[in-house]
There are 2 protein chains.
Amino acid sequence: MFFGRGGRYVSGVPEAPRLSHSEEIFPEELVLAFRNHGVPLEALRWPITPLGLHYLLTHYDIPAVDPNSWTLEVGGRLERPMRLSLEDLRARPQRTLAVTMECAGNGRARMTPRPVGQAWLVEAVGTAEWTGTALRGVLEEAGVLPDAVEVVFAGLDHGVEGGVEQDYQRALPMAEALDDDVLLVYEVNGVTLPPQHGFPLRLVVPGWYGMGNVKWLARITVVDEPFTGFQNSWAYRLRSGPDEEGVPVTRMKPRALMVPPGYPDFPTRRRYIAPGPCRIEGRAWSGHPPVTAVEVSTDGGGSWETAVVADDAPSPHAWQSWSWTWEAPSPGDYELCCRATDGRGHTQPTEAFWNLGGFTNNVVQRVPVTVLG
Amino acid sequence: MFFGRGGRYVSGVPEAPRLSHSEEIFPEELVLAFRNHGVPLEALRWPITPLGLHYLLTHYDIPAVDPNSWTLEVGGRLERPMRLSLEDLRARPQRTLAVTMECAGNGRARMTPRPVGQAWLVEAVGTAEWTGTALRGVLEEAGVLPDAVEVVFAGLDHGVEGGVEQDYQRALPMAEALDDDVLLVYEVNGVTLPPQHGFPLRLVVPGWYGMGNVKWLARITVVDEPFTGFQNSWAYRLRSGPDEEGVPVTRMKPRALMVPPGYPDFPTRRRYIAPGPCRIEGRAWSGHPPVTAVEVSTDGGGSWETAVVADDAPSPHAWQSWSWTWEAPSPGDYELCCRATDGRGHTQPTEAFWNLGGFTNNVVQRVPVTVLG
């Protein structure tokens, strides 16, 4: 995903993948930040993220797809391979599911040394209501052969990454692909998928980081041996060095984010809070739901207070709201933090989990604020 | 807009405004880049930018507005001041207008020395279909008094900028405010304004840079002397040093942008083009329409070819498409550029126009590409 020499990028063809790390922020990272949108943190106030505020990560370009000529090819280790039009898919049983989705690289820019590239701080998340049809129904109708082990999803987005020219492709293990809640999606928040969310069809895999939710789907291929494509075998893996095989990135770790309280200074985003009680609130989620606790610190993580976590997730796969009231803080500067604990008892760390590609860093959010006198 | 000491930001209260410039890119600029979205350049292929891909600049936070209790106060130098609900506004004569809108800071990060802050490269633009009612009708019904000189528009977005705590406010000269095409807008691209575009009501001033298009409108005040608020008297002005009064930023300069051809490398956005003829296309606009010419260079601006500019603007206030075919380029590395000329005969420069705040830099776009063998 990130490569270069001496901290500077080099172009990807035919250079072999080489990760690079730097304190310096490069102009290329600004280009990526402007085109791959984050959620403004005040948008955490909405249980369903308004269209246009959900995070986006497009590895290559958003493709232009003609929905009239587009079809989905469903093939590989199946008794009855098929080709489905958008009409065919819309005629199938319909489901709508609210899903919180987070980029696996969220938190990358909070690592030291910092992996260069898509330099997410904390904002690569959103919750949407996705409407489509269950993948399971399509696969069952096609008849999965007994030797099937994985399902490969190929998008129409085409580019170069790590020196490899490719269509974006990701595989899911068979058991995950047959989960009832994995959807082939053609609508988001009640409207036709806009181009940036995968028009005309995308995959949604609840609970997993975003890389599995393949957009602009063109082909679904059931395979009888593990997929070795770039995104599975190289990119989205946790490794401490380039020679390690690494461990696949799968489900989201727990994370709580707060709506930064008070009002901001424009360029620095420093927050100012009026005197008196201050309600601190936000959302928390995990790929192993539910979130069982959220704690808040007003001293940079030195001590922690227990927030109220609401039982208000829009679905079992979506975030929950939480809140805590900071009673009459004294004027001065503070660093607010929050951290979530999930259904497996995992809690967010106060130190970043470092890995070469900069994935799954759910270190606690830090929000510097000034309480006014 | 940008201030600090020694190239580093300092918080804005009670520090007086101090501009800073740096080659170094700061983490605060990444935060701004992720929350203030740019248009992915391949989205220039659509005449109306899909919802969610139009550029966004929010100085402070996106406010949460209850449309049931919200009203618009129309006051000041008027015979009949009024207060309008959203229903009142929707009951007025309705107009829909396609408008190309660009941030005045677009191109800022291409200046040397670089003004630190909202570090737009070229992507702060979009075209939307805005639906609302003419401001002129409201003002005429309210009866503008003869001593009126400007109209001040106040939003509900609140924050600190240049050491000044403020609601975002901008004034327009009376003659501009009475232009038939200045709209009070409650829908975009056929849907209710989403929060980030100014729900429940915003101003749209065709032809002007974005700063005049005040979002989350709360008050319209007709005044009998020039407005001295921060955004008019300090922020959006062209000046070569901090002691200059400067010249107000008003209408958009001409600009052409191309859809980067071929396919990209993920982190660097370097483009690869297959051998053979290559169609280069994009959009061009100006606050002084129409665009009368677009030229393309394949050698970094050394020589220029004439593109075909289509007479296809979605409205007189929106961009036009252009195209040019690059016949059989030889394999190798190239730097593609494009430049527009507008109705006043102004052409984009190949060197950046520098000013302290980093405004209106319409220097030509440069797209490095590799033609494959």
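Residues numbered from 1 in each chain as written. Chains lettered and ligands numbered in written order. Predicted model: local features only at pLDDT ≥ 70, side-chain atom pairs only at ≥ 80, totals over all residues.

> How should the domain arrangement of chain A be read in this particular structure?
Frequently, the measure chosen for interface size is the accessible area removed from exposure when the parts meet. Residues and elements named next belong to chain A. Domain boundaries in chain A define domain 1 (4-248) and domain 2 (255-371). Between the C-alpha centres of domain 1 and domain 2 there is a distance of 27 Å. When residues of the side of domain 1 that touches domain 2 are traced back to their parent elements, those giving at least two are strand 5 (95-102) and strand 13 (237-238). For the side of domain 1 that touches domain 2, the leading source of residues is strand 5, giving 4 residues. (Domains from an automatic or database assignment. Helix = DSSP H or I, 4+ residues; strand = E, 2+ residues; numbered from the N terminus.)

> For this particular structure, what's the right way to read the sheet that holds strand 7 (residues 150-161) of chain B?
Pairing between sheet strands relies on hydrogen bonds along the backbone, with the strands arranged either parallel or antiparallel. Residue and element names in this part refer to chain B. Pairing in this open sheet of 5 strands is mixed, and the strands run 4-3-12-7-8 from one edge to the other. The strands lining the two open edges of the sheet, one partner per strand, are strand 4 (82-84) and strand 8 (164-173). Taking each pair of neighbouring strands and ignoring which way they run, the sheet shows an average axis angle of 25°. Examined bridge by bridge, strand 3 (residues 72-76) and strand 4 share 3 bridges and lie antiparallel to one another. Following the sheet pairing, E73 is matched in strand 4 by R83. (Pairing = 2+ DSSP bridges. Axes fitted to C-alpha atoms, helices over the stretch in contact; angles between N-to-C directions.)

> Where do I start with the relation of the copies chain A and chain B in this structure?
Superposition of the two copies of the chain requires a rotation about an axis and a shift along the axis. After a rotation of 180° and a shift along the axis of 0.0 Å, chain A superposes on chain B with an RMSD of 0.0 Å. Those values place the two copies in the arrangement expected of a two-fold rotation axis. No C-alpha of chain A approaches the rotation axis more nearly than that of G52(A), which lies at 1.8 Å. A share of 98% of the interface residues of chain A reappears at the interface of chain B, consistent with the copies meeting face to face through the same patch. (Least-squares fit on C-alpha atoms with pLDDT ≥ 70 in both. Contact = placed C-beta atoms within 7 Å.)

> Hey, could you run me through the environment of A171(B) in this one?
If you trace the backbone, A171(B) turns up in strand 8. Beyond its immediate sequence surroundings of up to four residues, A171(B) is in contact with E150(B), V151(B), V152(B), F227(B), G229(B) and N232(B).

> What's the story with the confidence of the model for chain A in this structure? I'm lost.
Should pLDDT be low for a region, the predicted coordinates there are not to be read in detail. Residue and element names in this part refer to chain A. Looking at chain A, pLDDT values average 94 and 95% of them are 70 or higher. Across residues 1-19 the pLDDT falls below 50, and counting only partners more than four positions away or on other chains, this stretch makes 57 contacts in the model. Taken over the whole predicted complex, pTM reads 0.95, whereas the ipTM for its chain interfaces reads 0.94. (pLDDT = per-residue confidence, 0-100.)

> Sorry if this is basic, but what is going on with helix 1 (residues 27-35) of chain B here?
Counting buried positions along helix 1 of chain B gives 7 out of 9 residues, so the element sits mostly inside the fold. E29(B), L30(B), V31(B), L32(B), A33(B), F34(B) and R35(B) are the residues of helix 1 of chain B that are buried. Against helix 1 (27-35) of chain A lie the buried residues of helix 1 of chain B. (Buried ≥ 20, exposed ≤ 12 C-beta atoms within 10 Å, placed from the backbone.)

> What am I meant to see in the interface of chain A and chain B here?
Each partner contributes residues to the interface: chain A has 52 residues there, and chain B has 51 residues. Contributions of two or more residues to the side of chain A that touches chain B are made by helix 1, strand 7 (150-161) and strand 16 (263-264) of chain A. Within the side of chain A that touches chain B, the residues separate by chemical class into 29 nonpolar, 13 polar and 10 charged. (Nonpolar A, V, L, I, M, F, W, Y, C, P; charged D, E, K, R; others polar.)

> Just to check I follow, could you spell out the pairing of strand 23 (residues 332-341) of chain A for this structure?
On a regular strand, each side chain points to the face opposite its neighbour's, so the side chains alternate between the two faces of the sheet. All names here are of chain A. Pairing geometry for strand 19 (residues 293-297) and strand 23, over 5 bridges, is antiparallel. Bridge assignment links V294 to a residue of strand 23, and that residue is A340. The pairing of strand 23 with strand 24 (residues 365-371) spans 7 bridges and is antiparallel. Among the inter-strand pairings, Y334 is bridged to a residue of strand 24, identified as V369.

> Can you walk me through the pairing of strand 12 (residues 217-223) of chain A in this structure?
Residue and element names in this part refer to chain A. The sheet contact formed by strand 3 (residues 72-76) and strand 12 spans 4 bridges and is parallel. Paired with G75 across the strands is T221, a residue of strand 12. Sheet analysis places strand 7 next to strand 12, joined by 6 bridges and oriented antiparallel. Counted as the bridge partner of V152 is T221 from strand 12.

> Would you mind showing me how to read the environment of N213(A) here?
Residue and element names in this part refer to chain A. Mapped onto the elements, N213 comes out in the loop between strand 11 (202-204) and strand 12. Sequence-wise, N213 and L203 are 10 residues apart; in three dimensions their C-alpha atoms are separated by 4.8 Å. Once residues within four sequence positions are removed from consideration, N213 is found in contact with M101, R202, L203, V204 and V205.

> Help me understand the sheet that holds strand 15 (residues 255-258) of chain B in this model?
All names here are of chain B. Spatial ordering of the open sheet is given by 15-18-22-21, a layout of 4 strands whose pairing is antiparallel. A strand with exactly one partner marks an edge of an open sheet, and here the two such strands are strand 15 and strand 21 (308-309). Bridging between strand 21 and strand 22 (residues 320-326) involves 2 bridges; their strand directions are antiparallel. Directly across from V308, in strand 22, lies its bridge partner S323.

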